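Okay, here's what each chain looks like letter by letter:
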Amino acid sequence: MDKSMLADLDSLPEEDKLRMSTMIDQLQIRDSLRMYNSLVERCFTDCVDTYQRKSLTKQEETCVHRCAEKFLKHSMHVGMRFAELNQGAATSD
């Protein structure tokens, strides 16, 4: 975040700071839920072949584990890259 933006936030009244903090928390929760739902939908669609049992087969379980691991590694990589780009943009201002 730009330093001038942080200074602008500090100048807000406490009530507005609290409102902004609550809004940011809600957005983070929403984004986390979207990522979780996307992970579940994608891995379930890719890995579950039959609905004949209550539990996953060993093959399906392995597939879901690998799928989730790849998804989370990819998400972390994208997040780190975004942070690098964001930091570079803030430094050049």
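Going by the structure above, here's the rest.
Structural notes, computed from the coordinates. (Residues numbered from 1 in each chain as written. Predicted model: local features only at pLDDT ≥ 70, side-chain atom pairs only at ≥ 80, totals over all residues. Heavy atoms only, no water.)

1. Quick word on the packing of aromatic side chains
Applying the stated criterion across every chain yields a total of one aromatic pair. Judged by centre distance (6.1 Å) and plane angle (35°), the ring pair of F44 and Y51 falls under tilted. Taking relative accessible area as the criterion, F44 reaches 40% and is therefore assigned partly exposed. Exposure remark for Y51: the relative accessible area of 63% places this residue in the exposed category. (Phe/Tyr/Trp six-rings, centres within 6.5 Å; stacked < 30°, edge-to-face > 60°. Buried < 20%, exposed > 50% of the residue type's maximum accessible area, 1.4 Å probe, protein only.)

2. Some details on the state of the cysteines
This structure, assessed with the given rule, holds two disulfides. Disulfide pairing places C43 opposite C67 at an S-S distance of 2.1 Å. In this structure, the disulfide formed by C43 and C67 twists by about -90° around the S-S bond and is classed as left-handed. Taken together, the residues C43 in helix α2 (residues 14-47) and C67 in helix α3 (residues 58-92) connect sequence positions 24 residues apart. Judged by its relative accessible area of 15%, C67 is buried. For C47, the disulfide goes to C63, at an S-S distance of 2.1 Å. The chirality of the disulfide connecting C47 with C63 is left-handed, given an S-S dihedral of about -70°. Of this pair, C47 sits in helix α2 while C63 sits in helix α3; the two residues are 16 residues apart in sequence, bridging distant segments of the chain. By sequence order of its bonded cysteines, the protein chain has the disulfide arrangement 1-4, 2-3. (Disulfide = S-S within 2.5 Å. Helix = DSSP H or I, 4+ residues; strand = E, 2+ residues; numbered from the N terminus.)

3. Section: the environment of K17
With respect to the helices and strands, K17 occurs in helix α2. Those residues within four positions of K17 in sequence are excluded, and the remaining contacts are L9, D10 and L12. (Contact = heavy atoms within 4.5 Å.)

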